[in-house]
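Survey of secondary and tertiary structure
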Amino acid sequence: MPTSFLGSALRGTFFFAFGLWWSVRYPLKYLRRRGDTEGQRGRGRAELFEGAVKAFFALVGILVEQFVPTGPHLQLYSPKTHSWTDLTPWHYSTIYLFFLLSGITDLISHSPLKLPPGLDRLSLSLALLVEGLLFCFRDYGDAVLDHHLHSLLAMAIFAGVFCALLEVFLRDHIILETFRTSSFLLQGSWLWQIGFVLSPPWGGPGWDQSDPSNLLFLTMCFCWHYVGALAVMATNAAMTRCCNESCQLKFGDIDVELDCGLCLRRGKKSSSGALLPESSSDDK
């Protein structure tokens, strides 16, 4: 099953973008956690946004895989050749299908239907499990380097499965959320690495599949990718903390909630009158 640089890069961008978003959102939620209903509504809006984005990009991915000029156009078996069509688009369409279901579950879970809590995390773990399963059992032939690259990718995927499954029972656990974020960042950056190794964007053949030193170097490179993911998370967490403290200093006793990187002022009813100019009897 050939790997194209553009397809690998686009899939990597999807996972890396979600990891970046979570690397800001979860530290922010941890710092500004509130038990009031307004904070719960803000969290629901963020979950709805994530679900909509996830479902949209998964649907676009299915349509692109199926209906590009060289795609199967929803044809799985060819009656002319009496064999399967190219299964590569179907491989990725199946992955996108389960992420589409995960996005729809996110939307329904935070709608007035009120599905059981944890169902959104369960659907995410199922989507990641299907992704890892398909990458583990795809046909690599004699491409040893290709198999090694996707075996390392499967480690990042199954780490995300483990975290998402635990979050079904341990909701809003900052350690699990942080670990899941790092797995998405790692998966995203590693998909880019796979594209550069197997299908360089400047053309030409990929890396030598028979050179054992490439396997060792890429294993070390995988570890470096994870260090980079941790550095991104630490940087975003530090910036989030500084932003949160600066907003508190700026607005003083006015309650400040950070959401999506913005400072939203929520004035108390008791203090709203104090902000208006006092009227005196001379004005009459």
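Structure: above.
Not measured: the values here are computed from a predicted model.

1. A closer look at the overall build of the protein
- Across its full length, the protein carries eight helices and four strands.
- In sequence order, the secondary structure elements of the protein are arranged as α-α-β-β-α-α-α-α-α-β-β-α.
- For the protein, the proportion of its 284 residues judged to be buried stands at 42%.
- Relative to all contacts within the protein whose residues are 6 or more apart in sequence, the contacts with residues 24 or more apart total 73%.
- Just so you have it, the protein exposes about 15900 Å², and 70% of that area is on carbon and sulfur atoms.

2. Brief notes about the nonpolar core
- In terms of nonpolar packing, the biggest core is built from 36 residues, with Phe99, Leu128, Leu149 and Trp190 touching the most fellow members.
- At the level of secondary structure, the elements contributing two or more residues to this core comprise helix 1 (5-31), helix 2 (37-67), helix 3 (88-109), helix 4 (119-136), helix 5 (144-167), helix 6 (174-198) and helix 7 (212-251).
- Top contributing element to this core by residue count: helix 5, with eight residues.
- Ignoring any residue separated from it by four or fewer positions in sequence, one finds Leu128 in contact with Phe15, Phe99, Ile157, Gly160, Val161, Phe184 and Gln187.

3. Describing the packing of helix 3 against helix 4
- Contact geometry of helix 3 with helix 4 gives a least axis separation of 8 Å together with a crossing angle of 175°. One way to sum up the angle between helix 3 and helix 4 is to call them roughly antiparallel. Where helix 3 approaches helix 4, its residues His91, Tyr92, Thr94, Ile95, Phe98, Phe99, Ser102, Thr105, Asp106 and Ser109 are matched on the opposing element by Leu119, Asp120, Ser123, Leu124, Leu126, Ala127, Leu128, Val130, Glu131, Leu134 and Phe135.
- By residue class, the composition of the contact of helix 3 with helix 4 is twelve nonpolar, six polar and three charged.

4. Quick notes on the pattern of salt bridges
- Enumeration over the complete set of coordinates arrives at eleven salt bridges.
- Taking the shortest distance from any N to any O, the salt bridge between Asp106 and Lys54 comes out at 2.9 Å. Highlighted residues: Asp106 in helix 3 and Lys54 in helix 2, separated in sequence by 52 residues. For the pair shown, Asp106 and Lys54 are each scored as buried.
- Salt-bridge contacts for Asp120 lead to Arg171; the nearest nitrogen and oxygen are separated by 2.8 Å. With Asp120 in helix 4 and Arg171 in the loop between helix 5 and helix 6, the pair connects residues that are 51 residues apart, well separated along the chain.

5. Some points on unusual backbone geometry
- With phi around 55°, His82 is a residue other than glycine that occupies positive phi space.
- Residue placement: His82 occurs in the loop between strand 1 (77-78) and strand 2 (83-84).

6. Quick notes on the side chain of Lys54
- Assessed through its relative accessible area of 5%, Lys54 is described here as buried.
- Apart from the residues within four sequence positions on either side, Lys54 is in contact with Phe14, Phe18, Phe99, Ser102, Gly103, Asp106 and Leu124.

7. Section: the environment of Leu215
- Looking at the element boundaries, Leu215 is found in helix 7.
- Classification of Leu215 by relative accessible area gives partly exposed; the value is 23%.
- Sequence spacing of Leu215 and Leu149 is 66 residues, and the spatial spacing of their C-alpha atoms is 8.3 Å.

8. What about the side chain of Ser8?
- Residue placement: Ser8 occurs in helix 1.
- Residue classification places Ser8 among the buried residues on the basis of a relative accessible area of 2%.
- Among the polar contacts listed, one links the side chain of Ser8 to the backbone oxygen of Leu191, at a separation of 2.4 Å.

9. Examining the packing of aromatic side chains
- Inspection of the entire model under this criterion finds 20 aromatic pairs.
- For the ring pair Phe14 and Phe99, a centre distance of 6.2 Å and an interplane angle of 80° mean the geometry is edge-to-face. Placement of the pair is Phe14 in helix 1 and Phe99 in helix 3, with a sequence separation of 85 residues. Summarising the burial analysis for this pair, Phe14 and Phe99 share the class buried.
- With a centroid separation of 5.6 Å and 70° between ring planes, the pair formed by Phe18 and Trp22 is classed as edge-to-face. On the criterion of helical spacing, the pair formed by Phe18 and Trp22 is a turn pair, its members being four residues apart in helix 1. The same class applies to Phe18 as to Trp22, namely buried.

10. Brief notes about the packing of helix 4 against helix 5
- Here helix 4 crosses helix 5 at 160°, and the two axes come no closer than 8 Å. The angle between the axes of helix 4 and helix 5 places the two elements in the roughly antiparallel class. The element helix 4 and its partner helix 5 pack so that their crossing is left-handed. Contact residues: Arg121, Leu122, Leu124, Ser125, Leu128, Leu129, Glu131, Gly132, Leu133, Phe135 and Cys136 in helix 4; His150, Leu153, Ala154, Ile157, Phe158, Gly160, Val161, Ala164, Leu165 and Glu167 in helix 5.
- Its residues assigned to classes, the contact of helix 4 with helix 5 comprises 14 nonpolar, four polar and three charged.

Parameters and conventions
Residues numbered from 1 in each chain as written. Predicted model: local features only at pLDDT ≥ 70, side-chain atom pairs only at ≥ 80, totals over all residues. Heavy atoms only, no water. Helix = DSSP H or I, 4+ residues; strand = E, 2+ residues; numbered from the N terminus. Buried < 20%, exposed > 50% of the residue type's maximum accessible area, 1.4 Å probe, protein only. Contact = heavy atoms within 4.5 Å. Areas by Shrake-Rupley, 256 points an atom, 1.4 Å probe, with all protein chains shown as cover. Core = buried A, V, L, I, M, F, W, Y, C linked by side-chain atoms within 4.5 Å. Axes fitted to C-alpha atoms, helices over the stretch in contact; angles between N-to-C directions. Parallel < 35°, antiparallel > 145°, perpendicular 65-115°, else oblique. Nonpolar A, V, L, I, M, F, W, Y, C, P; charged D, E, K, R; others polar. Salt bridge = Lys/Arg side-chain N within 4 Å of Asp/Glu carboxyl O. Polar contact = N/O pair within 3.5 Å; in protein donor to acceptor, adjacent residues only side chain to side chain. Phe/Tyr/Trp six-rings, centres within 6.5 Å; stacked < 30°, edge-to-face > 60°. Left-handed = near helix turned anticlockwise from the far one by under 90°.

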